[in-house]
Amino acid sequence: MTLLDGKKALIFGVANDHSIAWGIAQALHAEGATVGFSSVESLIDKRVRPLAARLGSTFVEPCDVQDDGQIHAVFDKWRDSEGELDVLVHALAFARREELDGAFVDTSRDGFALALDVSCYSLLALTRGALPLLRPGASILTLTYYGAEKVVAHYNVMGVAKAALEASVRYLAADLGPRAVRVNAISAGPIRTLAASGIAGFKSMYGSFRDVAPLRKNITIDDVGRAALFLASDLSSAVTGEVLYVDGGFNILGVPTRDE
Ligand code: NAD
Ligand code: 0WE
């Protein structure tokens, strides 16, 4: 008997084997879940299908979360091939490079809208698409970052999008609680994924994170996977609307300082 025996999970946001979504997929699969994947079309054949195969998964469907038609199509296909759904993982975000390079005050109107659409509204859109398929006891999970609550240099409009995402988690949890569906977020410390590569200053902040976080280590996708397993399983049966920090304790610090 495993934690997710007989449960079915659909995971959005695998780009490669460094993706947080991939860490979560492996952790859920290891505890008996059937996993399926959805990513943007351009990644499907080269990146996602080979990874899915490693977990014995054949459900791999494209979806750009900006397109309602594609969202509808993914859940239609899931219904036809798997029937019901127990776990929905939302592990995606996007802002234009220029919005992360410049000053927050210079964020354009359409750059703001794009970041909020892909990184926040998509959680509502995917949740609504999944709703008819969700079994009682189902769990919805998303990924957030500390830049939602405190200023992190260059995170800019993504910080605003994550603040809206965290608030959306609470409103969705209140909406879906009566149907026995839980909604939570994991706030992960910095991890070197595709979305973190080429970010100005990421390397130095990644290094200093390790030096100051209470646990004195960087966070891995396996760390996030284990926390996701807790939130996806009945171990967290009375937890909803929460943000769970998987950050080695970084967020509790008032003044992050290095050892002498
Ligand atoms: P990643 O690059 O591996 O994953 C990001 C995913 O978003 C990619 O698969 C990409 O295809 C997808 N995506 C972007 N636009 C999309 C769209 N329009 N439609 C569908 N998918 C789209 O990076 P990651 O770090 O694993 O990111 C996953 C989540 O974790 C994101 O929400 C990110 O904000 C969050 N997060 C990351 C870190 C970190 O340091 N890496 C820390 C905390 C939270
Ligand atoms: O949420 C994220 C990454 C979000 C992200 C990253 C990119 C890079 C490439 C969104 N959109 C894009 N668009 C691109 O064109 N993280 C939590 C990782 C991250 O990103 C940062 C960070 C950290 C940590 C950006 C600035 C400062 C810190």
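Residues numbered from 1 in each chain as written. Chains lettered and ligands numbered in written order. Predicted model: local features only at pLDDT ≥ 70, side-chain atom pairs only at ≥ 80, totals over all residues. Heavy atoms only, no water.

**Here's the deal with the packing of aromatic side chains**
Then comes step 1: Under the definition given, this model contains seven aromatic pairs.
Then comes step 2: Where F12 meets F75, the ring centres are 6.0 Å apart and the plane angle is 35°; that geometry is what we call tilted. Here F75 lies in helix α3 (residues 68-81) and F12 lies in strand β1 (residues 8-12), a separation of 63 residues in the sequence. Per residue, the accessibility class of F12 equals that of F75, and both read buried.
Then comes step 3: Seen in terms of ring centroids, W22 and F37 are 6.4 Å apart; in terms of plane orientation they differ by 40°. Their pairing is tilted. Of this pair, W22 sits in helix α1 (residues 20-30) while F37 is found in strand β2 (residues 34-39), placing the two residues 15 residues apart along the sequence.
Then comes step 4: The buried category is assigned to W22, whose relative accessible area is 2%. (Phe/Tyr/Trp six-rings, centres within 6.5 Å; stacked < 30°, edge-to-face > 60°. Helix = DSSP H or I, 4+ residues; strand = E, 2+ residues; numbered from the N terminus. Buried < 20%, exposed > 50% of the residue type's maximum accessible area, 1.4 Å probe, protein only.)

**Focus on the sheet that holds strand β5 (residues 134-144)**
Then comes step 1: Judged by pairing direction, the sheet is parallel, and its seven strands sit side by side in the order β3-β2-β1-β4-β5-β6-β7 without closing on themselves. Across the chains shown, the open sheet's two edge strands, defined by having one partner strand only, are β3 (60-62) and β7 (243-246). The average undirected angle you get between the axes of adjacent strands in this sheet is 20°.
Then comes step 2: Bridge analysis of β1 against β2 gives five bridges, and the strand direction is parallel. When the sheet's bridge partners are listed, L10 is paired in β2 with G36.
Then comes step 3: Those strands touched by α3 are β1, β2, β3 and β4 (85-90), and its axis lies near 155° from that of β1. (Pairing = 2+ DSSP bridges. Axes fitted to C-alpha atoms, helices over the stretch in contact; angles between N-to-C directions. Contact = heavy atoms within 4.5 Å.)

**Some details on the pairing of β1**
Then comes step 1: Burial analysis of β1 places five of its five residues in the buried class, which makes it a mostly covered element.
Then comes step 2: Where burial is concerned, the two faces of β1 agree: the one with K8, L10 and F12 and the one with A9 and I11 are both buried.
Then comes step 3: Running through α1, the crossover from β1 to the neighbouring parallel element β2 is right-handed.
Then comes step 4: As defined by bridge partners, β1 adjoins β4 across four bridges and the pair is classed as parallel. In the sheet register, A9 faces β4, and the bridge partner there is V87. (Right-handed = clockwise from strand over helix to strand, strands pointing away.)

**Concerning the site of ligand 2**
Then comes step 1: Around ligand 2, a shell composed of 13 residues is seen, among which A95, A153, Y155, A195 and I199 lie nearest.
Then comes step 2: Here a nitrogen atom of ligand 2 sits 2.7 Å away from a polar atom, N or O, in the main chain of A95.
Then comes step 3: In this structure, Y155 approaches ligand 2 through a side-chain N or O atom, which is 2.7 Å from an oxygen atom.
Then comes step 4: Considering ligand 2 on its own, with 600 Å² of exposed area, one finds that the protein chains cover 87% of that surface.
Then comes step 5: Elements represented by at least two residues in the shell around ligand 2 include exactly α4 (97-101) and α7 (202-212).
Then comes step 6: In the shell around ligand 2, the residues fall into 11 nonpolar, one polar and one charged. (Near = heavy atom within 4 Å. Polar contact = N/O pair within 3.5 Å; in protein donor to acceptor, adjacent residues only side chain to side chain. Areas by Shrake-Rupley, 256 points an atom, 1.4 Å probe, with all protein chains shown as cover. Nonpolar A, V, L, I, M, F, W, Y, C, P; charged D, E, K, R; others polar.)

**Topic: the layout of surface pockets**
Any empty space left between atoms is shown by rolling a water-sized probe over those atoms.
Then comes step 1: Roughly 220 Å³ of volume is contained in the second largest pocket.
Then comes step 2: As for the second largest pocket, its lining consists of D68, I71, H72, F75, D76, R79, A125, R128, G129, P132 and L133.
Then comes step 3: Of all the secondary-structure elements, those providing two or more residues to the lining of the second largest pocket are α3 and α5 (109-130).
Then comes step 4: Residue contributions to the lining of the second largest pocket peak at six residues, all from α3. (1 Å grid on protein atoms, 1.4 Å probe; cavity = no way out; pocket = protein on both sides within 12 Å on 5 of 7 lines; lining within 4 Å. Points joined across faces, edges and corners; volume = space filled by probe spheres on them.)

**Comments concerning the environment of A185**
Then comes step 1: Structurally, A185 is set in strand β6 (residues 182-188).
Then comes step 2: In this structure the C-alpha to C-alpha distance between A185 and K77, which are 108 residues apart in sequence, comes to 26 Å.
Then comes step 3: Not counting chain neighbours up to four residues away, the residues in contact with A185 comprise T142, T144, V169, L231, E242, V243 and L244.

**As for a nonpolar patch on the surface**
Then comes step 1: On the surface, L3, F230 and L235 cluster together into a nonpolar patch covering about 260 Å² of accessible area.
Then comes step 2: Take F230: it is sitting in helix α8 (residues 221-232). (Patch = residues over 30% accessible without salt bridge, like charges linked within 9 Å, V, L, I, M, F, W, Y side chains within 5 Å. Salt bridge = Lys/Arg side-chain N within 4 Å of Asp/Glu carboxyl O.)

**Structural notes on the pairing of β6**
Then comes step 1: Burial within β6 is extensive, with seven of its seven residues counted as buried.
Then comes step 2: As defined by bridge partners, β5 adjoins β6 across six bridges and the pair is classed as parallel. Directly across from L143, in β6, lies its bridge partner I186.
Then comes step 3: A crossover links β5 with its parallel partner β6, the connecting element being helix α6 (residues 156-176), and its sense is right-handed.
Then comes step 4: Looking at chain direction, β6 and β7 are connected through four bridges and run parallel. Bridging from a neighbouring strand, A188 pairs with V246 of β7.

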